[in-house]
Amino acid sequence: MTQEKSMPAVPPLSPGRRRDAERTRAELIEMATDEFAERGYSGARVDEIANRTRTTKRMIYYYFGGKEQLYLAVLERAYAEIRAAERAVDVDHLDPVAALRRLAEVTFDHHEAHPAFIKLVGVENAQHARHMRHVAGLVDLNSSAVALLDGVLERGRRDGLFRSGVDALDVHMLISSFCFFRVANRHTFGALFDRDLLDPDRRVHYRTMLGDLVTGYLREV
């Protein structure tokens, strides 16, 4: 892995010039997300991120320690956002079929609205998840998605709505693969079949299609 040269620590700012650390970090992560998504880890440049945030490379190293640490912060936030969206669904007050459909729709909406997330996942897969493995909290963070689905599936089985023997991780994969493919393969699919998967006129069709696929797969027969 290529490492950029370490930068000296930034001395503490005077009280009158002290920055809002959380806001600055958030802004840096936001710009870094676009840079890493567009150029990948190797192609991304800290200098470019600094220019886009009207700060300095020195300040980026001060807040994150280096390029890799900044990239890991980008990955962690990207996954935290989709997991937060899932947790916002009040599954306990929805019947299992409605809860499952709603969780699928949340993923559908999120992936469409965050194409940078799709690109970042592609970057990590191309790198065999070499960086992601260094974010200790990502496993626990993403396990929450499977646990959430598992609870819905258990209620559905108990109520006689879902068949047994279905793994929550498989359901997570089914939802994610549909939503990911629709965004990641938009251009190649369009070139081959002359259909834009993100065509607004077909959005409701695809969103409904996903819910039907997932709930149909789980129905007791």
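Cut-offs and rules
Residues numbered from 1 in each chain as written. Predicted model: local features only at pLDDT ≥ 70, side-chain atom pairs only at ≥ 80, totals over all residues. Heavy atoms only, no water. Helix = DSSP H or I, 4+ residues; strand = E, 2+ residues; numbered from the N terminus. Buried < 20%, exposed > 50% of the residue type's maximum accessible area, 1.4 Å probe, protein only. Salt bridge = Lys/Arg side-chain N within 4 Å of Asp/Glu carboxyl O.

It is worth spelling out the environment of A80 at this point. With respect to the helices, strands and loops of the structure, A80 is situated in helix α4 (residues 67-87). Classification of A80 as partly exposed rests on a relative accessible area of 28%. Along the sequence, A80 and L148 sit 68 residues apart, while their C-alpha atoms lie 15 Å from each other.

With that out of the way, let us pick up unusual backbone geometry. Excluding glycine, residues mostly have negative phi values, and the peptide bonds linking residues are mostly trans. If you check the backbone angles, H128 has positive phi at about 60° while not being a glycine. Looking at where H128 falls in the secondary structure, it is placed in the loop between α6 (115-126) and α7 (136-158). Positive phi outside glycine occurs at A129, with the angle close to 60°. Tracing the sequence through the fold places A129 in the loop between α6 and α7.

Enumeration over the complete set of coordinates arrives at 16 salt bridges. Put simply, D109 and R207 hold a salt bridge, and the shortest N to O gap is 2.8 Å. Taken together, the residues span a long stretch of sequence, with D109 in helix α5 (residues 96-113) and R207 in helix α10 (residues 203-218) at a distance of 98 residues. The exposure class assigned to D109 is partly exposed, which follows from its relative accessible area of 23%. Note that D196 and R186 form a salt bridge whose closest N and O atoms lie 2.7 Å from each other. Of this pair, D196 sits in the loop between α9 (186-193) and α10 while R186 sits in helix α9, and the two are 10 residues apart along the sequence. For D196, a relative accessible area of 30% gives the class partly exposed.

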